[in-house]
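Here's the letter readout for the chains.
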Amino acid sequence: MSTAFSAAKFTSPPFPLRSHDKPLFDPLKIPNATSPFLGSTRKIRRSSSTKLNLHRRSGTVVAVSDVVKEKKSKSTSSLLITKEEGLELYEDMVLGRAFEDMCAQMYYRGKMFGFVHLYNGQEAVSTGFIKLLKQQDSVVSTYRDHVHALSKGVPARAVMSELFGKTTGCCRGQGGSMHMFSSEHNLLGGFAFIGEGIPVATGAAFTSKYKREVLKEADCDHVTLAFFGDGTCNNGQFFECLNMAALWKLPIVFVVENNLWAIGMSHLRATSDPQIYKKGPAFGMPGIHVDGMDVLKVREVAKEAIARARRGEGPTLVECETYRFRGHSLADPDELRDPAEKAHYAARDPITALKKYLIENSLASEAELKAIDKKIDEVVEDAVEFADESPLPSRSQLLENVFADPKGFGIGPDGRYRCEDPKFTEGTAHV
Amino acid sequence: MLGIVRQTMLGQSLQKIRPAASVLRSYSSAAKQMTVREALNSALDEELSADPKVFLMGEEVGEYQGAYKITKGLLEKYGPERVLDTPITEAGFTGIAVGAAYHGLKPVVEFMTINFSLQAIDHIINSAAKSNYMSAGQISVPIVFRGPNGAAAGVGAQHSQCYAAWYASCPGLKVLTPYNSEDARGLLKAAIRDPDPVVFLENELLYGQSFPVSDEVLDSSFCLPIGKAKIEREGKDVTVTAYSKMVGYALKAAEILEKDGIDAEVINLRSIRPLDRYTINASVRKTNRLITVEEAFPQHGIGAEICASVVEESFAYLDAPVERIAGADVPVPYAANLERMAVPQVEDIVRAAKRACFRSVPLAATA
């Protein structure tokens, strides 16, 4: 295979084809200086995606990208957030980090079991996007969903109990780490199969549009966010949904958490064109790349994407370059990733970055941030205590909730199951 | 022309007026006849008009009027927002429908054939069937997956498999298999109103068949209960259970057996999950002999489940071993004569009944 390729000349992709004796990822050696996988710069790569749009798309998509670019350049000069917002973002990210660290501890003590996938390092994406949503907006996630649940508002106690498998968990212990659902907070899971959540999210967005246009619930402008990883972007369902979301102009934002690794499979080894944001314009929607280790940048991009969806202009594909500090799951020995790569991203820890920003711009003092740290520690400790003391599900819970209506056909106006009405088999039951 | 006739009929039934007999096709002045296709169409029409949250989704359901014309006329009536033509993306649009159902809409997803549902089976099983359980009751999925199931005529192996056993083995799903027009109407309306995921398995060869329907069936609030089988023909010598097209074959076999003095009781299962074990067992306790008939592959099939159920609950009542009539254990062939051998025929049921009643010579394995 190598002989055939060495004869050819490469004009694209910007990354060297990986061979086994080269390091998997060396941020210093990549020749193309504008590679999106280099360190953070203030400038978001939307300019390159606009150029691509010009070559491929008609006017509409270009116009949107231009507008976004305009807005961005205006805001670089002033502060991006207020003090309250800054503290909210900081608290949410610290909660995510502290919670996941506690999960690791509890796992190794045997209190948690099965598959546990931790989100350390990616907090900027969750906080940056979800903190802009209303309660009625929906979030659909993957198995790496603890922090999405926390950001959306599910109490830490409920999530911890669910992980312990107790009956006080958000799904009464029946879902587990990978299946966090909350109808109150519109968290629609929690899916173990990658790519499974994307069509479900597209369906939630479809419902929002349907409610506005068919059911005439005025001003229903609920937005849905679908979170998924780089590995998912090679899955058929991803492309099917990009197509249908753009076709029907659904209010959804597809958020790719590109952490470069799908368990042990490097994104560069698995993907013909590793620049995921380019796949958006191919389907007629803007594709945006953003530094996912910087919560402020993510928030800026998220604001525009969510606003675009709310206005009814359709979906957006946002690729967040991010990294997970821990292995794929707590069972993953994480031997394939280069320590230099890990160190590179550890230096870009989103929480440290936000802390630095807040202090340098005099939005908060060290003491205030330390107070938040302490508060979160207490919240997490309390969650663990609560989960520990909660009871296990009772035996009768095993057979519950298989069906919304186990006897079939629903409940009649008199409160009894319709199938218990003796007139049923005669076909004269009235609804 | 046909469309206009049907629309008038549907229009009238929507206004809850008993349709005039002259508008319907009637072959005798007493009974009204309705094809299964009309039954399904009218059921969908009525449910779409009764509840604005119901919508249809599938390939060719709109402008093409339905791949098998089941959804004929519905696009014109309800518009493209409620009757959606989708691209060829089973996994994608099934997942979209499930996501919509999470939020309380009531999608009816049509698969051109249930064979194509394999492309979407992840969503049927993992995000629809299991969601109510995984979310501990927070998220229910009031969705219907429907389409023609089983062998048609010469469509080849990939279009001919029966998936009743596959879906019926999964907790969280309800699986229905209508036979005649009354079943089609009643069960589809029940499925759409049911708050749980329902897999509705029709049969392409039954679409064009006409059956008599009573006035109650034509009423717009007519529904059949999920989980109850129907005894199509009472008998006392042998119980024959069947579903979908095989019910017709079993009834024909019963007529032939009657001439030989064997009085067969034919049960139309209607609901594969939940299976009406009570009716089956009560019948076996009466007749003491059981034959299960299905079109699907024999291993791990519906007949196997019914046999196990009867052995568990009515063992002492059995006078003969349970006979399973199923399709041949091969992918369905194309050649017409081979296909006939691969699918159960009326003679197979007659022979099995006679074997069960010890009235024939034992012979080598049938289909």
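Residues numbered from 1 in each chain as written. Chains lettered and ligands numbered in written order. Predicted model: local features only at pLDDT ≥ 70, side-chain atom pairs only at ≥ 80, totals over all residues. Heavy atoms only, no water.

Going by an unreviewed UniProt entry, chain B carries the name Pyruvate dehydrogenase E1 component subunit beta and comes from Durio zibethinus. The heading Subcellular location (unreviewed entry) in the UniProt record of chain B holds the text "Mitochondrion matrix". Entered under Subunit (unreviewed entry) in the UniProt record, the comment concerning chain B runs "Tetramer of 2 alpha and 2 beta subunits." (UniProt positions renumbered as here; feature names shortened; annotations may be inferred.)

Per an unreviewed UniProt entry, chain A goes by the name Pyruvate dehydrogenase E1 component subunit alpha and belongs to Durio zibethinus. As its UniProt record puts it under Catalytic activity (unreviewed entry), chain A is described as follows: "N(6)-[(R)-lipoyl]-L-lysyl-[protein] + pyruvate + H(+) = N(6)-[(R)-S(8)-acetyldihydrolipoyl]-L-lysyl-[protein] + CO2". The Cofactor (unreviewed entry) field of the UniProt record for chain A holds the comment "thiamine diphosphate".

A.B. asks: Tell me about the overall build of chain B, residues and numbers included.
C.D. replies: Along the backbone of chain B there are 14 helices and 14 strands. Buried residues in chain B amount to 63% of all 367 residues. Taking as baseline every contact in chain B between residues at least 6 positions apart, the subset at least 24 positions apart corresponds to 80%. Surface accessibility of chain B: about 13500 Å² in total, with carbon and sulfur atoms responsible for 55%. (Helix = DSSP H or I, 4+ residues; strand = E, 2+ residues; numbered from the N terminus. Buried < 20%, exposed > 50% of the residue type's maximum accessible area, 1.4 Å probe, protein only. Contact = heavy atoms within 4.5 Å. Areas by Shrake-Rupley, 256 points an atom, 1.4 Å probe, with all protein chains shown as cover.)

A.B. asks: So, the interface of chain B and chain A: which residues are in play, and what are the values?
C.D. replies: Listed per partner, the contact involves 55 residues of chain B and 55 residues of chain A. Roughly 4500 Å² of surface becomes buried between chain B and chain A when both sides are summed, with 66% attributable to carbon and sulfur atoms. Area buried by chain B at its contact with chain A is led by His103(B), Tyr133(B) and Met134(B), which between them contribute 17% of it. At the boundary of chain B and chain A, one finds zero salt bridges. At the boundary of chain B and chain A, one finds 17 residue pairs in polar contact (both at pLDDT 80 or more). Every element with two or more residues in the side of chain B that touches chain A is listed here: strand 2 (54-58), strand 3 (83-85), helix 4 (90-102), helix 5 (121-129), helix 6 (131-134) and helix 8 (181-193) of chain B. When the residues that make up the side of chain B that touches chain A are grouped by side-chain class, the tally is 25 nonpolar, 17 polar and 13 charged. (Buried area = accessible area lost by both parts, 1.4 Å probe. Salt bridge = Lys/Arg side-chain N within 4 Å of Asp/Glu carboxyl O. Polar contact = N/O pair within 3.5 Å; in protein donor to acceptor, adjacent residues only side chain to side chain. Nonpolar A, V, L, I, M, F, W, Y, C, P; charged D, E, K, R; others polar.)

A.B. asks: How would you summarise the UniProt feature "domain: Dehydrogenase E1 component" (unreviewed entry) in chain A if you had to cite specific residues and measurements?
C.D. replies: The UniProt record marks residues 92-393 of chain A with the feature "domain: Dehydrogenase E1 component" (unreviewed entry), using the residue numbering of this structure. Between the first and last C-alpha atoms of residues 92-393 of chain A the distance is 30 Å; the span itself is 46% helix and 12% strand.

A.B. asks: Could you give an account of the packing of helix 10 (residues 245-259) of chain B against helix 14 (residues 346-356) of chain B, with specific residues and numbers?
C.D. replies: Residues and elements named next belong to chain B. Where helix 10 contacts helix 14, the two axes come as close as 9 Å, and the packing angle between them is 55 degrees. Between helix 10 and helix 14, the angle falls in the class oblique. Our pair here, helix 10 against helix 14, has a crossing hand that is right-handed. Contacts between helix 10 and helix 14 involve Tyr249, Ala250, Lys252, Ala253, Ile256 and Leu257 from the former and Val346, Ile349, Val350, Ala353 and Lys354 from the latter. (Axes fitted to C-alpha atoms, helices over the stretch in contact; angles between N-to-C directions. Parallel < 35°, antiparallel > 145°, perpendicular 65-115°, else oblique. Left-handed = near helix turned anticlockwise from the far one by under 90°.)

A.B. asks: How would you sum up the packing of aromatic side chains? Please name residues and give values.
C.D. replies: The final tally for this structure, using the stated rule, is 19 aromatic pairs over all chains. Arranged with centres 4.5 Å apart and planes meeting at 5 degrees, the rings of Tyr323(A) and Tyr345(A) form a pair that is stacked. Here the residue Tyr323(A) occupies a position in the loop between strand 9 (316-321) and helix 13 (339-346), and Tyr345(A) occupies one in helix 13, the gap between them amounting to 22 residues. Judged by its relative accessible area of 0%, Tyr323(A) is buried. Classification of Tyr345(A) as buried rests on a relative accessible area of 0%. Ring centres 6.2 Å apart and planes at 20 degrees place the aromatic pair Phe111(B) and Phe145(B) in the stacked group. Of the two residues, Phe111(B) is situated in the loop between strand 4 (106-110) and helix 5 and Phe145(B) in strand 5 (residues 144-148); the sequence distance between them amounts to 34 residues. Phe145(B) shares its class with Phe111(B); the two are buried. Ring-pair connections join several aromatic residues into one group, and the members of that group are Phe228(A), Phe238(A), Phe239(A), Phe254(A) and Phe283(A). (Phe/Tyr/Trp six-rings, centres within 6.5 Å; stacked < 30°, edge-to-face > 60°.)

A.B. asks: Describe the UniProt feature "domain: Transketolase-like pyrimidine-binding" (unreviewed entry) in chain B, and please don't skip the residues or the numbers.
C.D. replies: When the UniProt feature table is mapped onto this chain, "domain: Transketolase-like pyrimidine-binding" (unreviewed entry) is found at residues 34-209 of chain B. Spanning residues 34-209 of chain B, this segment combines 36% helix with 16% strand, and its end C-alpha atoms are found 8 Å apart.

A.B. asks: Before we move on, can you summarise the sheet that holds strand 6 (residues 174-176) of chain B with the specific residues and values?
C.D. replies: Residues and elements named next belong to chain B. Here seven strands make up an open sheet; going across it, the order is 3-2-4-5-7-6-12 and the pairing mixed. Either end of the sheet is taken by a strand with one partner, and the two such strands are strand 3 and strand 12 (271-273). Each strand axis lies, on average, 20 degrees off the axis of its neighbour in the sheet, ignoring direction. Here strand 6 pairs with strand 12 via two bridges, running antiparallel. Note that in strand 12 the partner of valine 175 across the bridge is arginine 273. Contacts from helix 2 (residues 36-50) reach strand 2, strand 4, strand 5 and strand 7 (198-202), with the element oriented near 130 degrees to strand 2. (Pairing = 2+ DSSP bridges.)

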